[in-house]
Amino acid sequence: MNCEEMQDLMHAYVDRELDLIRSLELEHHLGDCDACSEELAGIRRLRSQIGFLYQMPQPSLERRVRSAVRKADRSSQPGWFSVRALAVAAAALFVAVIGLGVLRFTTASRANDVLASEVVASHVRSMMADHLTDVSSSDQHTVKPWFGGKLDFSPVVSDFANEGFPLVGGRLDYLDGRPVAALVYKRRQHYINLFVWPSSAESESADHRSRQGFNVVHWGSSGMSWWAVSDLNESELQQFADLAKGE
């Protein structure tokens, strides 16, 4: 894949419209081309900034609008024109606020769709390239210190061997425009990649997705974003996610 082909595919890649093989070809080119990597990062930054334009109103907004309508009603001359005009304006404002809230939710959901595809691609790439781990160990006290100095955060590393999900090791990966920790677990012959990195959201409820035959579970807690992905069935992957969440 060359830079000219990249220009035609970047937006489709960000919009999660490419198949897995094409996505992997694109990511391989990104690994060798700083110019295309920077352009893709710019597209993502722009979309992220657009998402921040949509802000939820303060809880006091409805109270202030109602108060303004009542004051106008008391001070207006006999007739209904001014009150009705204010009521219409208030209704329009309410509809606009709801619309912006829905749009903001949709923007966030679409961003997670894109990330889910990135997560699946990274999972597949780690197995295709036979690069599941940079540090191979079932000892969490070996894996956790290995990340020291390689990331700007310290990931929580646990072993769930007693529950049937032994720790295999860990590696560095790259998702959401930043380096992340990838913790690798196993369930029989199935591997699980658990990606983690800091997030601005305090907490997010569990989000289940399926991409190209892989199951993905995403949640947020304590300022961290967690993504578990595997070809394991949905029930067992959820069991693993519950263990990772400490439930």
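Structural notes, computed from the coordinates. Just so we're clear, the structure is a prediction, and the values are computed from it rather than from any experiment.

A count of helices and strands for the chain gives seven helices and seven strands. Along the chain, helices (α) and strands (β) appear in the sequence α-α-α-α-α-β-α-β-β-β-β-β-β-α when read from the amino end. Going through the 247 residues of the chain one by one, you find that 38% of them count as buried. Total accessible area computed for the chain in this model is approximately 14,100 Å², and 55% of it derives from carbon and sulfur atoms.

Along the chain, E27 falls in helix α2 (residues 20–32). There is a polar contact of 2.6 Å between the side chain of E27 and the side chain of Y13. With residues near it in sequence (within four places) discarded, E27 still touches Y13, A121 and R125.

With that settled, the discussion passes to the pattern of salt bridges. Taken as a whole and assessed by the stated rule, the structure comprises eight salt bridges. D152 serves as the salt-bridge partner of R178, at 2.6 Å between the closest nitrogen and oxygen. Of this pair, R178 sits in strand β3 (residues 178–187) while D152 sits in the loop between α6 (140–146) and β2 (167–175), and the two are 26 residues apart along the sequence. Owing to a relative accessible area of 63%, D152 belongs among the exposed residues under this scheme.

Moving on, we come to helix α7 (residues 234–245). Compared with the 16 Å implied by 1.5 Å per residue over twelve residues, the 16 Å span of α7 between its first and last C-alpha is a close match. Among the residues of α7, those classed as buried are E236, L237, Q238, F240 and A241. Among the residues of α7, the N-terminal cap falls to N233, whose side-chain oxygen and the backbone nitrogen of S235 are separated by 3.2 Å.

With that settled, the discussion passes to the nonpolar core. Judged by nonpolar contacts, the single largest core of 41 residues is most densely connected at Y185, L194, F195, W197, W227 and F240. In terms of residue count, the dominant contributor to this core is helix α5 (residues 81–128) (six residues). Counting residues in each nonpolar core, the second largest holds 13 residues, with M10, L30, C33 and C36 among its members.

The next thing to look at is helix α1 (residues 3–14). Quick reminder: α-helices carry 3.6 residues per turn. Residues three or four places apart thus point the same way. For α1, with twelve residues, the first-to-last C-alpha span of 16 Å sits near the 16 Å given by 1.5 Å per residue. Within the sequence span of α1, burial applies to M6, L9, M10, A12, Y13 and V14. For α1, the capping residue at the N-terminal end is N2, with a side-chain oxygen 3.2 Å from the backbone nitrogen of E4. Of the residues trailing α1, R16 is marked for its positive phi of about 60°.

This next bit is on the state of the cysteines. For the structure on display, the rule yields zero disulfides. No disulfide involves C33; its nearest neighbouring cysteine sulfur is the one of C36, lying 3.5 Å away. Overall, the relative accessible area of 11% leaves C33 in the buried class.

Counted according to the given criterion, the structure contains six aromatic pairs. Ring centres of F160 and F240 lie 5.9 Å apart, and the angle between their planes is 85°; on these two criteria the pair is classed as edge-to-face. Of the two residues, F160 is situated in the loop between α6 and β2 and F240 in helix α7; the sequence distance between them amounts to 80 residues. For the pair shown, F160 and F240 are each scored as buried. In this structure an aromatic cluster arises from ring pairing among F160, F165, Y185 and F240. The ring of W146 carries K150 above its face, with NZ or CZ at 4.5 Å from the centroid. We note R187 situated over the ring of F165; from NZ or CZ to the ring centre the distance is 4.3 Å.

Note that R209 resides in strand β5 (residues 203–211). Overall, the relative accessible area of 14% leaves R209 in the buried class. Among the polar contacts listed, one links the side chain of R209 to the side chain of D207, at a separation of 2.6 Å.

Rules used in this analysis
Residues numbered from 1 in each chain as written. Predicted model: local features only at pLDDT ≥ 70, side-chain atom pairs only at ≥ 80, totals over all residues. Heavy atoms only, no water. Helix = DSSP H or I, 4+ residues; strand = E, 2+ residues; numbered from the N terminus. Buried < 20%, exposed > 50% of the residue type's maximum accessible area, 1.4 Å probe, protein only. Areas by Shrake-Rupley, 256 points an atom, 1.4 Å probe, with all protein chains shown as cover. Polar contact = N/O pair within 3.5 Å; in protein donor to acceptor, adjacent residues only side chain to side chain. Contact = heavy atoms within 4.5 Å. Salt bridge = Lys/Arg side-chain N within 4 Å of Asp/Glu carboxyl O. Expected span 1.5 Å × (residues − 1). Core = buried A, V, L, I, M, F, W, Y, C linked by side-chain atoms within 4.5 Å. Disulfide = S-S within 2.5 Å. Phe/Tyr/Trp six-rings, centres within 6.5 Å; stacked < 30°, edge-to-face > 60°. Lys NZ or Arg CZ within 6 Å of the ring centre and 35° of its normal.

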